[in-house]
Amino acid sequence: MHELGIANSILEAVRTEVARVPGRYATKVSLRIGEMTAVDPEALRFSFEILSQDTDLAGLQLEIEICPRRNRCEECGQEFTVRDYDIQCPQCGSLRTQFLSGDEFAFGYLEVEEYGTSSVGAQSTE
Amino acid sequence: MERVPLERKVLNENDRIAADLRARFQEQGTLCLNFISSPGSGKTSLLERTLSSLPKGERVAVLTGDIQTENDANRLKRYGFPVKQITTGGTCHLDARMIERHLADWPLEDLDLLFIENVGNLVCPSSYDLGEEAKIVLLSVTEGEDKPLKYPSIFFKSQLMILNKVDLLPYVPFNVNAAVENARKVHPGIEIVKVSCLKGNGLDEWLIWLEKKRQAQKEKQPAAVR
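Residues numbered from 1 in each chain as written. Chains lettered and ligands numbered in written order. Predicted model: local features only at pLDDT ≥ 70, side-chain atom pairs only at ≥ 80, totals over all residues.

Student: Tell me what's going on with the overall build of chain A, and back it up with residues and numbers.
Tutor: Within chain A, the secondary structure is distributed over two helices and six strands. In chain A, the succession of α and β elements from N to C terminus is α-β-α-β-β-β-β-β. Against the globule reference of 14 Å for 126 residues, chain A gives a C-alpha radius of gyration of 19 Å, more extended than a compact globule. If one aligns the C-alpha atoms of chain A with their principal axes, the spans along those axes are about 65 × 30 × 20 Å. Per-residue burial over chain A gives 27% buried out of 126 residues. Taking as baseline every contact in chain A between residues at least 6 positions apart, the subset at least 24 positions apart corresponds to 68%. (Helix = DSSP H or I, 4+ residues; strand = E, 2+ residues; numbered from the N terminus. Rg over C-alpha atoms; globule rule 2.2 N^0.38 Å. Buried ≥ 20, exposed ≤ 12 C-beta atoms within 10 Å, placed from the backbone. Contact = placed C-beta atoms within 7 Å.)

Right under this line is the structure:
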């Protein structure tokens, strides 16, 4: 259960980013989590909600994109999604395939809104 | 509404400290290894065996992580090398900042080898880069041969899998070939060494692996410092 610490890192990063765009507040943050990382999206969501409620980031939405494991065939160049650990190239049948992606654990984007344009989570700037 | 792209990793701060540690290890020619396994697979036993095989005066040190107690440090200190316990107080893994803090009063130029024994856990430690040259995952034959499939991340990120407690193979229903096959499904390039830390089988092979890594690390060191 390291998701609590991770959720905390996410909220800290959002605060840093929001501070760069004065007059705006964050409404949504997106993450890309590879299936080869040991991060549990449900535990992360739960931690995120607990840590953000009753703070300046209350109501911030978390969007998680799960990125499958992808390999590239060294023989024919085909890129494919690896299912059930089967790394065989579906096009030419070669077993010489290289890991391409699926271990990412990164931010995607942050959505921000100007104060006063929406009632959700808006605070007065005065 | 406006969308701002965030070109950064989630564990940015940890990765920054880890990259800094890695650069320092390379600069000093220190080989740093991060040992990860479930509780009770034999990380401490492997380190005991390893330390006892090293000549006195060897420049080696150990950081050992646990949630509570100094037990592992006390076990490892008996071999005469510097050992520090990192007690996380509840955290299920070590992170780069803990390593940085505990290395503060150890001059790295005096170290050829640094062993980090992570908290016993097959999940969380795999997310945290500690600046190590290699992660080493231990699996013991009492755990079941499907562990690589159940916990793929750590087997995927480890250079070496040490299969421990092979002396128990006659007594437990563990299929070594299936375990090897499962590990290679997750990570085709993973190296595998089979040992018994209790009886001593296979330890020579592990020590040869270690020596090879050590030479390779020395070669990475900038010539001016060597």
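Student: I'd love a proper account of helix α4 (residues 96-103) of chain B, names of residues and values included.
Tutor: In an α-helix, one turn spans 3.6 residues, which is why side chains three or four residues apart end up on the same side. Residues and elements named next belong to chain B. Those residues of α4 that sit buried are Ala96, Met98, Ile99 and Leu103. Down the axis, α4 shows its buried residues gathered within 160 degrees of arc, on one side only. Considering only its buried residues, α4 is in contact with α1 (12-28), β3 (60-66), β4 (83-87) and β5 (113-117). (Arc of directions from axis to C-beta.)

Student: Quick one: what's the story with the confidence of the model for chain A, residue by residue and with numbers?
Tutor: Residues and elements named next belong to chain A. Looking at chain A as a whole, the pLDDT averages 90, with 92% of positions reaching at least 70. Within chain A, helix α1 (residues 3-19) has the poorest average pLDDT of any element, 93, and strand β4 (residues 79-81) the best, 97. Across residues 121-126, confidence stays below pLDDT 50; counting only partners more than four residues off in sequence or on other chains, it has ten contacts. (pLDDT = per-residue confidence, 0-100.)

Student: Residues and numbers for helix α2 (residues 43-53) of chain B, please.
Tutor: Residues and elements named next belong to chain B. Those residues of α2 that fall on the buried side of the exposure criterion are Lys43, Thr44, Leu46, Leu47, Thr50 and Leu51. Buried residues of α2, viewed axially, fall in a sector of 155 degrees; they line one side. Where the residues of α2 are buried, they touch β2 (31-36), β3, α3 (71-77), β5, β6 (134-140) and β7 (160-164).

Student: Can you tell me about the sheet that holds β7 of chain B, naming the residues and giving the values?
Tutor: Residue and element names in this part refer to chain B. An order of β4-β3-β5-β2-β6-β7-β8 is seen for the seven strands of this open sheet, with the pairing classed as parallel. At either end of the open sheet lies a strand with only one pairing partner, and these are β4 and β8 (191-194). The sheet shows a mean angle of 20 degrees between the axes of neighbouring strands, direction not considered. Bridge count for β3 against β5 is five bridges, and the pairing is parallel. Bridge pairing links valine 62 to phenylalanine 115 in β5. Packing against the sheet, α2 makes contact with β2, β3, β5, β6 and β7, and its axis sits at approximately 160 degrees to β5. The strands touched by α4 are β3, β4 and β5; relative to β4, the strand with the most contacts, the crossing angle is about 140 degrees. (Pairing = 2+ DSSP bridges. Axes fitted to C-alpha atoms, helices over the stretch in contact; angles between N-to-C directions.)

Student: Tell me about unusual backbone geometry, and name the residues and values.
Tutor: At aspartate 54 of chain A, a residue that is not glycine, the phi angle is positive and equals roughly 60 degrees. For aspartate 54 of chain A, the location among the structural elements is in the loop between α2 (41-52) and β2 (61-67). The class for aspartate 54 of chain A is exposed, based on 8 C-beta atoms found within 10 Å. Phi at lysine 165 of chain B takes a positive value of approximately 70 degrees, unusual for a residue other than glycine. The topology assignment puts lysine 165 of chain B in the loop between β7 and α7 (176-186). In this structure lysine 165 of chain B comes out as buried when scored by C-beta crowding, with 25 C-beta atoms within 10 Å.

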